[in-house]
Amino acid sequence: MKGNKLVALVLHMVLALVALVMLYPFLWMVFSSFKTNAEIVQNPLSLFPKAWSPVGYQNIAVLGGNSIWHYFKNSVIIAVSISCLTVLATSLGGYALYRNRKLPFFNLIEKSFMVSMMYPAVLLLIPLYVVVVKMGLYGTNDFRGIILASSTGAWGAALPFFLAKQFFASVPYALIEAATIDGANEMQIFRRVMLPVMFPVLATSFLVSFLTSWGTWLPVLMLSKDMSTYTLAAMLVNLNSDLGVDLSQTAALSTVLTLPVVLVFLITQRRVMDGIAAGSVKG
Amino acid sequence: MKTISLLSRAKNLGSLVGKHWILYLFISLFAVLSIVFGIYPMVRSVQFSFLKSNTVFTSQESIGFNNYLRLLKDPYFWDSFRLTLLFTTISVPLNLISALCLAQMLASKNLSKGAMLFFKLAVFIPFITPDVVGAVVWKQFFNTNGAMNQLLQRLGLAPVGWLTQSGTALGVLVFVELWKHVGLYTIIFLTNYQLIDPSMYEAAHMDGARAWQKYRYITFPALRPALVLNTVYAFIQFMKTYTVSRIITFGGPNYATNFLSYYAYSKYEKMDFGSATAIATMLFIFIILLTLVGMRMGGNENERK
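(A) Structural context of the overall build of chain B. Within chain B, the regular secondary structure consists of 13 helices and zero strands. Ordering the α and β elements of chain B from the N terminus gives α-α-α-α-α-α-α-α-α-α-α-α-α. Each principal axis of the C-alpha atoms in chain B carries an extent, and together these give about 75 × 55 × 35 Å. Long-range contacts, defined as pairs at least 24 residues apart, comprise 69% of the intrachain contacts of chain B with a sequence gap of at least 6.

Next comes the structure, spelled out in structure tokens:
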């Protein structure tokens, strides 16, 4: 019994240390966002501010001539659109593959998707830029190229696709056969039999997609004509690339960028973690 | 003869599409994303790699394998290739072993439900945090005037130029990537742990099995599929590493973190499209070959079991 207590104590201590390392960046950015630049530079190790200062937030209220809400709104538009598009494409596509994968081109489509997952996503943007410009999906206030490029296997769609595939693998085919015998047509089978049972996986897929696409920045930087389509994350990269980094500004923008995903994640953590684990187990 | 068979095949195809048009409608969006924004740009990229760089957007002048030959003679390319391999060879086992240990600890009966949830969330939360944020914050932490060096000084140790020396800079990137990804691998292992039937351990205990025997004959085989999958995932992930070197080190100091993705991107920024796409193509072929080998090996072992 005594040995067990010692084991438990060591276990808690090790895990507490791990948790401290994992959570350190969050603590640093939240506390530093309320410090002045001078205070962060003077004593980088201390977390708690000596005097709470709003200056970091005042400095990010307007960035590159636009209000912070402009970039926040763009992040929402891009993340929500990518999520809708990937969920729609991967669930309907996954369903079609599940119903009859022997149809002409179906195998080719799936293989194309799997292969594009392995291409270095960053470098796929070079030819994607050409495709997007040629299709006329590029310009001021034009989000289409960014959204389409980020909804591919190389970028955000891999996990949602595996979630859908894993889900359909668990659906007994007898369900469909029964409906066919009852005389239901293809559309009725989908609407009455599949759609109701698909809701949980659609919700998980949407959440995972939203969380992973909220911080999109490289497709944004490469496929934007100007700052009209920049996201919060793209602005954070921009702040960082200059030589003189304003730390309180960086901390404040990091906080604004991180807060929404952390909140959404904490509210939905069970669904997200179970979903990702389930989608990955047999993929 | 040939035209007739082609015609009948086309007719056959037409009737199949007609009969299953709803399924084709369902898959259409997925097909557009996979082909128009997936395979097609990849093919274009390979095409670009055979063109003279400054003609990619104009006359598209072919120069055969010259872009590749130039790279094979470029010492920076070989350094970058070795570096990417080194980074991957360190990161894959480091992430998987850390994740296995964390999953084992989180599955322990000594943790209360609340504590288990807290630690699980703490480990996983970096994975859903935007990658720039982690990179930007850790960059400040390891800065010469940053928190890490202040900590060392308080402990009476000499400060270290974390991001200004080759070895330590690479180490910092390994650490930041571990921080970011270990949570994903941990929860995948953890889910597999929890699927193991506890009565198997009890039976083994009755038979007098030692702890390592239980691990060897019960835990390890049960985790095998997750292990294969995580290895493949992690391999693909780390071979493509980009963000940390772009944000934290800009490929430096002295090319010490100039990973292939970063090197190719810097070629692109210098308008050297031919070299950029040639590097991309070689990296892709390398990843796909090793992934196939890995899957084949993992698959065979599974069948044997």
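(B) How the structure looks around the overall build of chain A. Of the regular secondary structure elements, chain A holds 13 helices and two strands. Counting only C-alpha atoms, chain A reaches 75 × 70 × 30 Å along its principal axes. Out of the 283 residues in chain A, the part that is buried amounts to 43%.

(C) Summary view of the domain arrangement of chain B. For chain B, the assigned domains are domain 1 (2-39) and domain 2 (73-304). For domain 1 of chain B versus domain 2 of chain B, the separation of C-alpha centres amounts to 41 Å.

(D) Summary view of unusual backbone geometry. All names here are of chain B. A positive phi angle is found at Phe250, which is not glycine, with a value near 50 degrees. With respect to the secondary-structure elements, Phe250 resides in the loop between helix H11 (243-249) and helix H12 (260-269). Phi is positive for Met271, close to 65 degrees, though the residue is something other than glycine. Following the sequence through the fold, Met271 ends up in the loop between H12 and helix H13 (273-304).

(E) Structural context of the environment of Ala203 of chain A. All names here are of chain A. Topologically, Ala203 is positioned in helix H10 (residues 186-213). With 14 C-beta atoms packed within 10 Å, Ala203 lands in the partly exposed category. Distance from Ala203 to Lys50, taken between C-alpha atoms, is 43 Å for residues 153 residues apart in sequence.

(F) Structural view of the environment of Ile77 of chain A. Here Ile77 of chain A lies in helix H4 (residues 68-99). On a C-alpha basis, the gap between Ile77 of chain A and Val264 of chain A in space is 16 Å, while along the polypeptide they are 187 residues apart.

(G) Representation of the environment of Trp52 of chain A. Residue and element names in this part refer to chain A. By secondary structure assignment, the location of Trp52 is in the loop between helix H2 (37-42) and helix H3 (55-60). On the basis of neighbour count, Trp52 is assigned to the exposed category, with 9 C-beta atoms found within 10 Å. Sequence separation between Trp52 and Thr36 is 16 residues; the distance between their C-alpha atoms is 8.4 Å.

(H) Spotlight on the interface of chain B and chain A. Facing 73 residues of chain B, the contacting portion of chain A comprises 76 residues. By residue number, the principal contributor to the side of chain B that touches chain A is helix H2 (residues 21-48) of chain B, which donates 19 residues. A class-by-class count of the residues in the side of chain B that touches chain A yields 53 nonpolar, 17 polar and three charged.

(I) Seen up close, the packing of helix H8 (residues 166-195) of chain B against helix H10 (residues 211-239) of chain B. Residue and element names in this part refer to chain B. Running from N to C, H8 and H10 cross one another at 160 degrees; their axes reach a closest spacing of 9 Å. Classified by the interaxial angle, the pair formed by H8 and H10 is roughly antiparallel. For the pair H8 and H10, the crossing hand works out as right-handed. Between H8, through Glu177, His181, Tyr185, Ile188, Phe189 and Asn192, and H10, the contact on the second element is made entirely by Ala222, Leu223, Ala226, Asn230, Ala234, Gln237 and Phe238.

(J) Layout of the confidence of the model for chain B. Residues and elements named next belong to chain B. Of the residues in chain B, 96% reach a pLDDT of 70 or more, and the chain-wide mean stands at 87. Counting contacts from residues 301-305, a segment whose pLDDT is below 50, to residues more than four positions away or on other chains yields three contacts. Reported confidences for the modelled complex are a pTM of 0.90 and an ipTM of 0.90.

Definitions and limits used
Residues numbered from 1 in each chain as written. Chains lettered and ligands numbered in written order. Predicted model: local features only at pLDDT ≥ 70, side-chain atom pairs only at ≥ 80, totals over all residues. Helix = DSSP H or I, 4+ residues; strand = E, 2+ residues; numbered from the N terminus. Contact = placed C-beta atoms within 7 Å. Buried ≥ 20, exposed ≤ 12 C-beta atoms within 10 Å, placed from the backbone. Domains from an automatic or database assignment. Nonpolar A, V, L, I, M, F, W, Y, C, P; charged D, E, K, R; others polar. Axes fitted to C-alpha atoms, helices over the stretch in contact; angles between N-to-C directions. Parallel < 35°, antiparallel > 145°, perpendicular 65-115°, else oblique. Left-handed = near helix turned anticlockwise from the far one by under 90°. pLDDT = per-residue confidence, 0-100.

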